[in-house]
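# Chains, contacts and geometry: an overview
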Amino acid sequence: MLTYIIRRLLLAIPTLLLISLVIFFLVDLAPGSPASEIPLTVPAEVRAKILESMGVNDPVYVRYLLWLKQFVWVEPLNLFDHWFGTTYAEGQQRIISYQTRGPVFDIIGQRIPQTLTVIGTAYLVGVLIAIPIGIYSAYRQYSWFDQAGTFVAMVGFSVPTFFTGVLLIVIFAVKLQWFPSIYDTTLKVTDWASFMKQVKQMVMPVTVLALFNAATLSRYMRSSMLENLGQDYVRTARAKGMSERTVVLRHVLRNSLIPVVTVIALGIPGIFGGAIITEQVFKINGLGAALIGAIHANDLPTVQTLAFIFAVLIVTFNLIADALYGLLDPRIRYA
Amino acid sequence: MRDTAGTQAKPVRMERPRSQWRDVWDQFKTHKGALVGMTVLALLVAFVVIGPFVWHEEKLTTTQTYLNKNKPPSLTYPLGTDHLGRDFFLRMMEGGRVSIAVGLVAMTISIFIGTTVGMLSGFFKRLDGPLMRLTDLFLSLPLLPLLLVMVMLFRDALARIFGPELGTFVLIVIAIGVTSWMPAARIVRGEVLALKEREFVLAARSLGTPNRRLILRHVLPNVVSPVMVAATLDIASAIITESALSFLGLGFPPDFPTWGRLLFDGLSYMQQYPERVIWPGLAISLTVLAVNYIGDGLRDALDPRIRGR
């Protein structure tokens, strides 16, 4: 198992290098010039110097290697300094955004909490809804509950999140005025009133994402439960006179959760991508909004860095899912 | 099943051969959701394809059009008019044409790439490793951000070649196709790996059939069923991706309606005219739901283990 994980980790390095190449060069082709953000009143020679200092004139492979070095070495070092108050990264050039002229990772640091609160809660809620529904649908297969669950799940992943989001806004923010339609990022939770405010503004985005995730997850849970319910060991457990509760919740559920856990792990990077849309709907100032803003402003370093972070997340969670599968299921042996 | 069908028909023609597709259709008919989905999709397609020919917009002068803006629903304008006085009913039809066309063309591209990659990597052992690594690589790419970047990068270049509308269409269709072929490739590879070992392939090979004909005549027809299911689901996801791009403001140009674009445009008037968001959203959702149900029915109908039971 350990050798398997180590081998996968080593294999992930060339994959990520290749992905970083693809992302860097694709984004680098962008027609917009970094000079477009410099005011026109700036004299030509000063403009040339600014561009020179930004390193734009270097050949593309120099910029790629520099960016890669900054991404994998300088930025983690900066994070280390930030946490432990050391000064290892002093004087090393960081990835600088064209838009703000500040380090890209500072922007990411500011945006991550919003994305994580909303998306993290939504995913958790989604999982918590999906698992009981999946269990009950499988236990009472073809009952009205199961039929309704199948239909809702089908609707849940057919209706795009930007429509459910807008629909919720029209109903609950415009007509009923229960919840605010725009997420206020500056809100600080200090007392009960501000906490309630935070809860209120989170309700709609969390509902949208949670329903979307629950739709697919509940189907996985259902089919995994169905597969296990027909197994011999379930009949044995029943024959021994165990209560239905023990059989279903202890024996069947445990075994059914194995594939579902890996599906949950695999879905985590995907929701970061899907959150780009939800953040846009509810005007949440998170990572997805940062990416869209950077794309519109031709801010190449930010786009490259964010896209690569998404890729790192995907590769990491793929690895975690595979490792989890091996850890949880003793029948799986990785040679 | 065959027996009962035979006895119900004339007993003389008991040995009447039934084609495979007839069986598939019989099984498909038993899936209620798929039938409803098919009807809904047929109605929607008829609405967007035939609709604009039947439903003619009145020719109005600029002043009349301006005075005509933001009209509530009426007999002349069943869904009212938009902020520029255009008939929203007609815009829904035109938008649907583009959305459905994007879905179909993007699906064709993605299935073509997917089947080719899957076939090559399943059939030729030497290509298997590299092609599957390529598939894994594509699966690890953050697709939505890359799609956004691709649209931003090539929109102007393609608009110069094909004009703004067709240019965006070509770009979006290719971008979606290039980023969604991986599941199809994996499915086809798995099927081909199993088919390659079957006797009929061995027989064909021992007769000296060249690889090209072996693939096209013997293996390809046998992977049609899983590919069809993947294709149906691809249409649905392509329609959603296109609307998502339009929704993020990186899709078609403003004057060129698609359902996603109409929804995006409606957002600014959401407070006064919520129906302008709801109609296009409903259209997208219904189409995708219908296509998904058809895919579900097809999956059951094309599975020989379920069929005939």
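Residues numbered from 1 in each chain as written. Chains lettered and ligands numbered in written order. Predicted model: local features only at pLDDT ≥ 70, side-chain atom pairs only at ≥ 80, totals over all residues. Heavy atoms only, no water.

## Overview of the overall build of chain A
Counting secondary structure elements, chain A contains 11 helices and zero strands. Put simply, chain A runs from its N terminus to its C terminus through helices and strands in the order α-α-α-α-α-α-α-α-α-α-α. Taking the principal axes of the C-alpha coordinates as reference, chain A spans close to 85 × 60 × 40 Å. Across the 335 residues in chain A, those meeting the buried criterion constitute 45%. Taking the contacts inside chain A whose residues are at least 6 apart along the sequence as the reference set, 70% of them involve residues at least 24 apart. (Helix = DSSP H or I, 4+ residues; strand = E, 2+ residues; numbered from the N terminus. Buried < 20%, exposed > 50% of the residue type's maximum accessible area, 1.4 Å probe, protein only. Contact = heavy atoms within 4.5 Å.)

## Considering a nonpolar patch on the surface
Together, Leu-2, Ile-6, Leu-10, Ile-13 and Leu-17 of chain A make up a nonpolar patch on the protein surface, roughly 500 Å² of accessible area in all. Secondary-structure assignment places Leu-10 of chain A in helix 1 (residues 2–28). (Patch = residues over 30% accessible without salt bridge, like charges linked within 9 Å, V, L, I, M, F, W, Y side chains within 5 Å. Areas by Shrake-Rupley, 256 points an atom, 1.4 Å probe, with all protein chains shown as cover. Salt bridge = Lys/Arg side-chain N within 4 Å of Asp/Glu carboxyl O.)

## Some thoughts on the confidence of the model for chain B
Low-confidence regions, as indicated by low pLDDT, have predicted coordinates that should not be scrutinised in detail. Per-residue pLDDT for chain B has a mean of 82; in total, 86% of the residues score no lower than 70. Prediction confidence for the complex, expressed as pTM and ipTM, is 0.84 and 0.81 respectively. (pLDDT = per-residue confidence, 0-100.)

## Describing the pattern of salt bridges
Summed over the entire model, instances satisfying the criterion amount to 10 salt bridges over all chains. Salt-bridge contacts for Asp-146 of chain A lead to Arg-222 of chain A; the nearest nitrogen and oxygen are separated by 2.8 Å. Placement of the pair is Asp-146 of chain A in helix 5 (residues 144–158) and Arg-222 of chain A in helix 7 (residues 192–229), with a sequence separation of 76 residues. With respect to class, Asp-146 of chain A is no different from Arg-222 of chain A; both count as buried. A salt bridge links Asp-128 of chain B to Arg-189 of chain B; the nearest nitrogen and oxygen atoms lie 2.8 Å apart. Linking Asp-128 of chain B in helix 7 (residues 125–140) with Arg-189 of chain B in helix 10 (residues 182–196), this pair joins segments that are 61 residues apart in sequence. Where salt bridges share partners, they join Arg-133, Asp-136 and Arg-186 of chain B into one cluster.

## A short note on the confidence of the model for chain A
Looking at chain A, the pLDDT average stands at 83 and 96% of residues meet or exceed 70. Averaged pLDDT values for the elements of chain A fall to 76 in helix 2 (residues 44–54) of chain A and rise to 90 in helix 8 (residues 232–239) of chain A.

## Concerning the packing of aromatic side chains
Both the distance between ring centres and the angle between the ring planes are used here to describe each pair of aromatic rings. For the structure on display, the rule yields 22 aromatic pairs over all chains. Measuring from centroid to centroid gives 5.4 Å for Phe-47 of chain B and Phe-89 of chain B, while their planes differ by 65 degrees, and the two rings are edge-to-face. Pair noted here: Phe-47 of chain B is in helix 3 (residues 32–49) and Phe-89 of chain B is in helix 6 (residues 88–123), with a separation of 42 residues, a long-range link. Judged by relative accessible area, Phe-47 of chain B falls into the partly exposed class, the value being 24%. Members of the aromatic cluster, joined through ring pairs, are Phe-24, Phe-25, Tyr-64, Trp-67, Phe-71, Phe-105 and Phe-308 of chain A. (Phe/Tyr/Trp six-rings, centres within 6.5 Å; stacked < 30°, edge-to-face > 60°.)

## A look at the interface of chain A and chain B
Taken together, the contact between chain A and chain B spans 41 residues of the former and 37 residues of the latter. Remark: the boundary between chain A and chain B carries zero salt bridges. In this structure, the connection of chain A to chain B is made through one residue pair in polar contact (both at pLDDT 80 or more). Considering each element in turn, the side of chain A that touches chain B owes the most residues, eight residues, to helix 6 (residues 161–175) of chain A. For the side of chain A that touches chain B, the class distribution of residues is 34 nonpolar, six polar and one charged. (Polar contact = N/O pair within 3.5 Å; in protein donor to acceptor, adjacent residues only side chain to side chain. Nonpolar A, V, L, I, M, F, W, Y, C, P; charged D, E, K, R; others polar.)

## Quick look at unusual backbone geometry
Residues and elements named next belong to chain A. The backbone phi angle of Tyr-142 is positive, close to 65 degrees, even though this residue is not glycine. Tracing the backbone shows Tyr-142 in the loop between helix 4 (104–139) and helix 5. Phi at Lys-283 is positive, roughly 55 degrees, even though this residue is not glycine. Tracing the sequence through the fold places Lys-283 in the loop between helix 9 (244–282) and helix 10 (287–296).

## Remarks on helix 5 of chain A
In this model helix 5 of chain A runs 21 Å from its N-terminal to its C-terminal C-alpha over 15 residues, within 8% of the 21 Å that 1.5 Å per residue would give. Of the residues making up helix 5 of chain A, those classed as buried are Asp-146, Gly-149, Ala-153, Met-154 and Ser-158 of chain A. Along the long axis of helix 5 of chain A, the arc covered by the buried residues comes to 155 degrees, so they all point the same way. Every exposed residue of helix 5 of chain A that faces more than 90 degrees away from the buried side is listed here: Trp-144 and Val-152 of chain A. Of the surrounding elements, those touching the buried residues of helix 5 of chain A are helix 4 and helix 7 of chain A together with helix 13 (224–247) and helix 15 (275–302) of chain B. (Expected span 1.5 Å × (residues − 1). Arc of directions from axis to C-beta.)

## Thoughts on the side chain of Ser-243 of chain B
Tracing the sequence through the fold places Ser-243 of chain B in helix 13. Residue classification places Ser-243 of chain B among the buried positions, given a relative accessible area of 0%. Not counting the four nearest positions on each side in its chain, Ser-243 of chain B is found in contact with Phe-162 of chain A together with Gly-260 and Ile-284 of chain B.

## Considerations on helix 15 of chain B
A rise of 1.5 Å per residue sets the reference length of helix 15 of chain B, with its 28 residues, at 40 Å; its end C-alpha atoms lie 40 Å apart and thus fit the reference within 8%. The buried fraction of helix 15 of chain B is high, at 20 of 28 residues.

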